[in-house]
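Examination of the molecular architecture
This is what each chain is made of:
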Amino acid sequence: MFAARNNDSPAASKSDYISLSINDGTAFGKTTSRSVWRQWNQLSRFQRNICYFAVITLIILVIYLLPGKTQVNTNVDESDYDSAKVVQEYPKLYKVPDEIVIKSVNHNRGNMKESIKEINDNNVDVIDEPEFQPEVNQVDVDQIGEPPQHNMQPLKFSPQNDRQKAIVRATKFSWDSYKKYAWGHDNVKPITKGYHDWFGLGLTIVDALDTLYIMGMHEEFQDARNWIQNNLSFTQNRDVNLFEVTIRVLGGLLSAYHLSGDKMFLDKAIDLGDRMMPAFSTRSGVPFSDVNLGTRSAHPPKWGPDSSTSEITSIQLEFRDLSRSSKQPRFENAVAQVSEHVHRLEKYDGLVPIFINANTGLFREYAVITLGARGDSYYEYLLKQWIQTGKTIDYLRDDYLFGIEGTEKHLVKRTAVNKFLFIAELLGAARDVKPKMDHLTCYLSGTLALGVHNGLPKRHLELADELLRTCYETYVIQPTGLAPEITYFNIQKTSDENQKDMYVKTNDAHNLLRPEFIESLYYMWYFTGNKTYQDWGWKIFQAFENYTKVENGYTSINNVKNIYNTRPRDMTESFWFAETLKYLYLLFDDTRQLIDLNKWVFNSEGHPLPIYDS
């Protein structure tokens, strides 16, 4: 601009006139330029504005039409992702080095080496891998690709047989109760015809979205969609749990976005993700458990300084997908660093304590080790993250394998009488065995089956099958046919001829309509085609019908041990819609094609998210 102004000075004009006798072409060009400039100055302000508008419009059209970042390429070669490793720059190999970063109290990893050898033997193109030194790489916005396009059409989602139709009827019956008595609130209380608010985010509506969609309940889905657009707000000054809101609300919104293609769900998800980011502002990068969405502040739980290990390691699927869908790397960067941090921590043969301090970043020393509450989904998300990222982040797979090896070594036990296999807990510095298993642990069978399907050791399927049979027994031995929240096991044979394998304490006899056993039945049915798993699931559904169904929906009960005194809790948890009913519906899909598990991975709340190439 400065040079242009100088060209209009008298000196510049004189210089132009002299150059005419030297180069006619140059003089003509400059004279023309000056003539155009003179004409431009003669235009009115209105005429100039029209010209500006036309030029700007033309530029925008050119940028929009040019091929670039907005273009989706669904046939991307793997080589295109060489620069897009999300957490680390590992070579895409399957051979695992003998020496790894993880420290272990016991370094005997014989079974682990056999597992890795089994994986390596199944892959022909195995080459030597350099020294294993993982680093966290920040994801660049240009590296984030679009999710695969699955062409999921609403008309494909409709019940195909009598059992699926029965599940749809149960869903509609329960949903109608929620809509009538608790619309917009977190949970319905079907007996007193009221509601309960935990976070004030309409949990049931968001959690049920993809279930309604997959079951072909289009009218109900549209009602839920409209409420979310018009009423779901994250501005309230109220603490919420980072993990629960991530798996239920963020996961529900993202899943609905991918299934329906409705961008409104993604916009809501981005807003929610933004408001949860302050939870990661800790000295260690390990997030606080509680976050205030309105004030955008975070803190440890009120009951103590630590976060649950499973909670801080089970938010990665959702935040990663949020980054990929929104092309905003900061979400994925935050959770990837958490995974990497936990990867570097010392473990007990791959097993982790259930508490971790967000400030120090260290596990609580000698905390309980369990695959139940506060520990369960750590192992689940190691495998599912590896699958979500196209099996390209090897340390996730390796940590999962070490965890399963540690489970087999320390936690797998059998009952004294019928030798039922169960997963125990370890307590204190001495790692004493506690023969107790949460119903939550029944998820493991499905996770193991998913791992085998993705090339991990086939012997894991035997463990999955035996554990699933034990979980089934926890249901059928009860008069109601429903499992308690916690079961204890007898592991020492006595002289008592009436000795039982399992027993339930009074305070543990409740059933919350949980999905974990049904979830594992679905995976085992999907991968094996064994109709026994369908029959087991139908039997459990009938028990729900007989003992949890009330006049206005379905309720948790306090006592599975007495058919005459179940003591209803008057509460329908949102995961009843998100998981239990959905997995029952999928379990009864005779085609096993409704959800392609080579393209989708379910988060811990049963929300399907797309699998990426890297």
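Up top is the structure.
Reference entry: report on the structure contained in this document. For clarity, every value in this text was computed on a predicted model and none was experimentally measured.

On to the sheet that holds strand E14 (residues 502–503). Read across the open sheet, the three strands follow the order E12-E13-E14; overall the sheet is antiparallel. A strand with exactly one partner marks an edge of an open sheet, and here the two such strands are strand E12 (436–438) and E14. Pairing geometry for strand E13 (residues 486–489) and E14, over two bridges, is antiparallel. Along E14, the bridge assignment pairs Phe489 with Met502.

What follows concerns the nonpolar core. Core analysis: the biggest nonpolar cluster contains 146 residues, and Leu201, Ile228 and Phe517 have the highest contact counts within it. With eleven residues, helix H9 (residues 242–260) is the largest single contributor of residues to this core. With residues near it in sequence (within four places) discarded, Ile228 still touches Ile205, Val206, Leu209, Leu253, Met264, Phe265 and Lys268.

To continue, consider the side chain of Glu605. With respect to the secondary-structure elements, Glu605 resides in the loop between strand E17 (600–602) and strand E18 (608–610). Among buried Asp, Glu, Lys and Arg side chains, Glu605 stands out as unpaired, with Arg248 the closest opposite charge at 4.1 Å. With near-sequence residues (within four places) excluded, Glu605 lies in contact with Asp207, Ile247, Arg248, Ser574, Phe575, Ala578 and Glu579.

The strands making up a sheet associate through hydrogen bonds between their backbones, and the pairing can be parallel or antiparallel. Strand order across the open sheet formed by three strands is E3-E4-E5, with antiparallel pairing between neighbours. Each edge of the open sheet carries a strand with a single partner, namely strand E3 (239–241) and strand E5 (297–299). Across the sheet, the mean angle from the axis of one strand to that of its neighbour is 30 degrees, orientation sign disregarded. Pairing of E3 with strand E4 (residues 290–292), which is carried by three bridges, proceeds in the antiparallel orientation. Each residue of the ladder has a partner; that of Asn241, found in E4, is Asp290.

On to the state of the cysteines, then. Two cysteines, two sulfur atoms, one covalent bond between them: this is a disulfide. Inspection of every chain in the model, using the stated rule, returns one disulfide. Here Cys442 is linked by a disulfide to Cys471, with a sulfur-sulfur distance of 2.1 Å. Of note, the bridge from Cys442 to Cys471 carries an S-S torsion of about -105 degrees and is left-handed in sense. With Cys442 in the loop between E12 and helix H16 (443–453) and Cys471 in helix H17 (residues 459–476), this pair connects stretches of sequence that are 29 residues apart. You'll find Cys442 and Cys471 in the same group, each marked buried.

What counts, and where the lines are drawn
- Residues numbered from 1 in each chain as written.
- Predicted model: local features only at pLDDT ≥ 70, side-chain atom pairs only at ≥ 80, totals over all residues.
- Heavy atoms only, no water.
- Pairing = 2+ DSSP bridges.
- Helix = DSSP H or I, 4+ residues; strand = E, 2+ residues; numbered from the N terminus.
- Core = buried A, V, L, I, M, F, W, Y, C linked by side-chain atoms within 4.5 Å.
- Buried < 20%, exposed > 50% of the residue type's maximum accessible area, 1.4 Å probe, protein only.
- Contact = heavy atoms within 4.5 Å.
- Lys, Arg positive; Asp, Glu negative; His and termini not counted.
- Salt bridge = Lys/Arg side-chain N within 4 Å of Asp/Glu carboxyl O.
- Axes fitted to C-alpha atoms, helices over the stretch in contact; angles between N-to-C directions.
- Disulfide = S-S within 2.5 Å.

Keep in mind these numbers describe shape, not what the thing actually does.
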